[in-house]
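The chain contents come next:
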Amino acid sequence: MENKNLREDIKTIIEKVKQEILPDNTVKIWLKKNISKFQDLKGNLYVVAIGKAAWRMAKAANDVLRHMISDKVIHGVVVTKYNHSEGNIENFEIYEAGHPVPDENTLMATKRVLELTNNLKENDVVLFLISGGGSALFEMPVDGVSLEDIQKLTEALLKSGANIVEINNVRKHLSKVKGGRFAQHVYPAKIVSLVLSDVLGDRLDSIASGPAYPDGTTSQQAIDVLRKYNITVSEKILNALAQETPKELSNVETFIIGSVKVACENAEKFASQLGYNTFVLTTTLDCEAKEAGKFLASIAKEIKNSDRPVKKPAAIILGGETVVKVKGSGRGGRNQELALSFALAIEGLENIVLCSFGTDGTDGPTDAAGGIVDGQTAHKIRKAGLSPESFLENNDSYNALKIAGDLLITGPTGTNVNDLIVLLVG
Ligand SMILES: Nc1ncnc2c1ncn2[C@@H]1O[C@H](COP(=O)(O)OP(=O)(O)O)[C@@H](O)[C@H]1O
Ligand SMILES: O=C(O)[C@@H](CO)OP(=O)(O)O
Ligand SMILES: [Mg+2]
C-alpha cells in the first residue's frame, strides 16, 4: 500500500479514537449506574474537576446530576489548563491555570476549591473528577515552600528524564492537596473520585498526584528521586519532603473510567475495520522516546521484509508515555521526538507510516499533538538543506517535523489518556 493511503488510514484511525476516548460518555454511564450514591444524600454535593479533561468531565456530570437529582443543590469548580475550557457550565466556577508548571492561577483556583470544601459535614459528598494535568493545575505548597520553589523544581524534574511516578512522588510531599491530603481536607465528608488515567499501570496515587488516594510512596523515596537525577534543593525543601503523606484514608472511594488501554483497543478495532492485521505490542511503553522510535523502525522493517510478527498490511499499536532527557535548546515533545527518531531510521523506505499522538492534543510545550512520519520525512528536511540528525540531537523535533509538514495538530482534545502510537506497514 502506498504511503498516501497509509497516511489517510492513520489519520482516520486517530480521528476515530479521539472521539471514542472523550470522557463524556464514560462519566454519564458511571453516574447513571451509581446515582443511588447521590440520591440518598442528606448533606450537600460538591463537584470538583481537575486536569486537562476537567471541563468535559464536569459538563457530563452536571448534565446527569441536574436531571437525576434535581432536588439537590450542586456547587462545582473546574480547574483546567489554559484554552481547555469550552464555556460556561451551570452551577460551576471555571478556572484555567498553568501546565505542566503551576502558576499564580493554579494557587488561586486551588484556594477556591479549598474554601468551597472547607468545614464539610459527614453527610456531604465531594464528587471528584480527576484527569492528568491535575498535578500542575491543583496545587497549594506546604508551609515554608513557595510557588517559585515548586516551579523551579518542577522544571528541573520535567527535563531530567524522570518518569511521572517519580516526578509526582516529589510533588506529593511538598503539597497541601496532593498525596491524599485533599481527602484529609474534606474529611469527614466522603469523596468519590472518577479517574481518567494517564499514568502507566493506572497508579491511582500518581494520577494528578493522587489528591484523594492513600499515598503508596514515602518521603525517603522522594528524596531518592532527587538524588537519582542529581537535582539539588534547599534545606527548607528537604525539611518539607520529610513530612509523610497519609497512607490510609477512610473517606474515599475511587473508580477508573478510562485509560490508554481503551485508546489502544479502539485503535485496534478501527485499524481492523480498515483491513489491517493488528497487534497491540504494549500499553506500557516507558523508555526514552528516541530509543522507542529506533526500536519501532526495526519492527517496521521486519514486517516489511518478512511479515513478522504480523503479516502485511499490518497495524502495530502501542500505548504509554516515553521520557525525554532534554539536553538541547530546541522545541518538541516526546511524541514528536519518537516520530523523528523513527523517521530517521526508516529514511527512504516506502509503505511505512507511523503516528505518535499525545491524546490530550499537546505534546510537550508545543501546539502539536505529535507527528505523522514516513520514509520521506527525513529526506524532506535534508532537501531544505538541514540535518534531521541535528534537530534530534538538539531536542528540536517540533521544527524538524514542521519543515517536513509532518506535525499532527489537533488542538486540546478534551481528554487525556496518555500517548498512542500507531504504525502501519502496507
Ligand atoms: N524540546 C523538547 N523535546 C522533547 N521533549 C520535551 C522538550 N521540552 C519538554 N519536553 C518534554 O515534555 C514533557 C511535558 O510535556 P507534556 O506534553 O505537557 O506532558 P504531559 O502531556 O505528560 O503533561 C516533559 O516531561 C519534557 O520531558
Ligand atoms: O497531572 C499529572 O501528574 C500527570 C499524570 O496524571 O499528568 P500530565 O502528565 O498530563 O501532567
Ligand atoms: Mg504525562
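Model, not experiment: these values are computed from the prediction.

### Observations regarding the overall build of the protein chain
- Helix and strand counts for the protein chain come out as 17 helices and twelve strands.
- A compact globule built from 426 residues would reach a C-alpha radius of gyration of about 22 Å, and the protein chain, at 22 Å, matches this within 12%.
- Expressed as lengths along the three principal axes of its C-alpha atoms, the size of the protein chain is roughly 65 × 50 × 35 Å.
- Counting the 426 residues in the protein chain, one finds 58% classified as buried.
- Taking contacts inside the protein chain between residues at least 6 apart in sequence as the whole, the part at least 24 apart equals 81%.
- Total accessible area computed for the protein chain in this model is approximately 16,900 Å², and 48% of it derives from carbon and sulfur atoms.
- Side chains of the protein chain give 49 positive and 53 negative charges; the mean places of these two sets differ by 2 Å.

### Brief notes about the site of ligand 2
- Not every one of the 14 residues close to ligand 2 is listed here, only the nearest: His99, Gly133, Ser135, Asn168 and Asp198.
- At 2.9 Å, a side-chain N or O of Lys52 approaches an oxygen atom of ligand 2.
- In isolation ligand 2 exposes 310 Å². Once the protein is present, 93% of that is buried.
- Those elements that place two or more of their residues in the shell around ligand 2 are helix 6 (134–137) and helix 8 (164–172).

### Comments concerning the UniProt feature "domain: MOFRL-associated" (unreviewed entry) in the protein chain
- The positions UniProt marks with the feature "domain: MOFRL-associated" (unreviewed entry) are residues 10–241.
- A distance of 45 Å separates the end C-alpha atoms of residues 10–241, which is 44% helix and 15% strand.

### Some words on the packing of helix 1 (residues 3–20) against helix 12 (residues 260–273)
- Running from N to C, helix 1 and helix 12 point in directions that differ by 140°, and their axes come no closer than 9 Å. By the criterion of interaxial angle, the relationship of helix 1 to helix 12 is oblique. Relative to helix 12, the crossing made by helix 1 is right-handed. Of the residues in helix 12, those in contact with Ile13, Lys16, Val17 and Glu20 of helix 1 are Ala263, Asn266, Ala267, Phe270, Ala271 and Gln273.
- Here the residues of the contact of helix 1 with helix 12 are counted per class, giving six nonpolar, two polar and two charged.

### Brief notes about the domain arrangement of the protein chain
- Examined at the domain level, the protein chain breaks down into domain 1 (3–17 + 261–425) and domain 2 (34–258).
- Computed from C-alpha coordinates alone, the two centres of domain 1 and domain 2 are separated by 31 Å.
- On the side of domain 2, 23 residues touch domain 1, which itself brings 20 residues to the contact.
- Here domain 1 and domain 2 share an interface that buries about 1,500 Å² over both sides, 56% of which is from carbon and sulfur atoms.
- Summed over the shared surface of domain 1 and domain 2, the number is two salt bridges.
- Here Asp202 makes a salt bridge to Lys261, at a shortest N to O gap of 3.5 Å.
- Linking domain 1 with domain 2 are six residue pairs in polar contact (both at pLDDT 80 or more), by the criterion used here.
- Of the residues forming the side of domain 1 that touches domain 2, the biggest block, three residues, is contributed by strand 7 (residues 277–285).

### Concerning the pattern of salt bridges
- A full pass over the atoms with the stated rule returns 33 salt bridges.
- As a salt-bridge pair, Asp419 and Arg334 come within 2.5 Å of each other at their nearest N and O atoms. Of the two residues, Asp419 is situated in strand 12 (residues 419–425) and Arg334 in helix 14 (residues 334–345); the sequence distance between them amounts to 85 residues.
- Note on Arg334: relative accessible area 25%, which makes it partly exposed.
- One salt-bridge network, in which partners are shared between bridges, spans Lys172, Arg203, Asp205, Asp215, Glu244 and Lys247.

### Details of the environment of Thr217
- For Thr217, the location among the structural elements is in the loop between strand 5 (190–196) and helix 10 (219–228).
- Residues Thr217 and Ala53, spaced 164 residues apart in sequence, show a C-alpha to C-alpha distance of 26 Å.
- Here Thr217 is in contact with Asn169, Lys172, His173, Arg203, Asp205, Glu244, Thr245 and Lys247, once residues within four sequence places are set aside.
- There is a polar contact of 2.9 Å between the side chain of Thr217 and the side chain of Asp215.

### Things to note about a nonpolar patch on the surface
- A cluster of nonpolar residues, Phe279, Leu281 and Phe295, forms a patch on the protein surface that exposes about 250 Å² of accessible area.
- Along the chain, Phe279 turns up in strand 7.
- Assessed through its relative accessible area of 31%, Phe279 is described here as partly exposed.

### Digging into the packing of aromatic side chains
- Throughout the structure, instances matching the rule amount to four aromatic pairs.
- For the pair Phe138 and Phe182, a centre-to-centre distance of 5.1 Å together with 90° between the ring planes defines the contact as edge-to-face. Placement of the pair is Phe138 in the loop between helix 6 and helix 7 (147–159) and Phe182 in helix 9 (residues 181–186), with a sequence separation of 44 residues.
- Since its relative accessible area comes to 1%, Phe138 is described here as buried.
- Grouping aromatic residues by their ring pairs yields a cluster made of Phe128, Phe138 and Phe182.
- Between Arg331 and the ring centre of Tyr398, over which it is positioned, the NZ or CZ distance is 4.6 Å.

Cut-offs applied
- Residues numbered from 1 in each chain as written.
- Chains lettered and ligands numbered in written order.
- Predicted model: local features only at pLDDT ≥ 70, side-chain atom pairs only at ≥ 80, totals over all residues.
- Heavy atoms only, no water.
- Helix = DSSP H or I, 4+ residues; strand = E, 2+ residues; numbered from the N terminus.
- Rg over C-alpha atoms; globule rule 2.2 N^0.38 Å.
- Buried < 20%, exposed > 50% of the residue type's maximum accessible area, 1.4 Å probe, protein only.
- Contact = heavy atoms within 4.5 Å.
- Areas by Shrake-Rupley, 256 points an atom, 1.4 Å probe, with all protein chains shown as cover.
- Lys, Arg positive; Asp, Glu negative; His and termini not counted.
- Charge placed at Lys NZ, Arg CZ, Asp CG, Glu CD.
- Near = heavy atom within 4 Å.
- Polar contact = N/O pair within 3.5 Å; in protein donor to acceptor, adjacent residues only side chain to side chain.
- UniProt positions renumbered as here; feature names shortened; annotations may be inferred.
- Axes fitted to C-alpha atoms, helices over the stretch in contact; angles between N-to-C directions.
- Parallel < 35°, antiparallel > 145°, perpendicular 65-115°, else oblique.
- Left-handed = near helix turned anticlockwise from the far one by under 90°.
- Nonpolar A, V, L, I, M, F, W, Y, C, P; charged D, E, K, R; others polar.
- Domains from an automatic or database assignment.
- Buried area = accessible area lost by both parts, 1.4 Å probe.
- Salt bridge = Lys/Arg side-chain N within 4 Å of Asp/Glu carboxyl O.
- Patch = residues over 30% accessible without salt bridge, like charges linked within 9 Å, V, L, I, M, F, W, Y side chains within 5 Å.
- Phe/Tyr/Trp six-rings, centres within 6.5 Å; stacked < 30°, edge-to-face > 60°.
- Lys NZ or Arg CZ within 6 Å of the ring centre and 35° of its normal.

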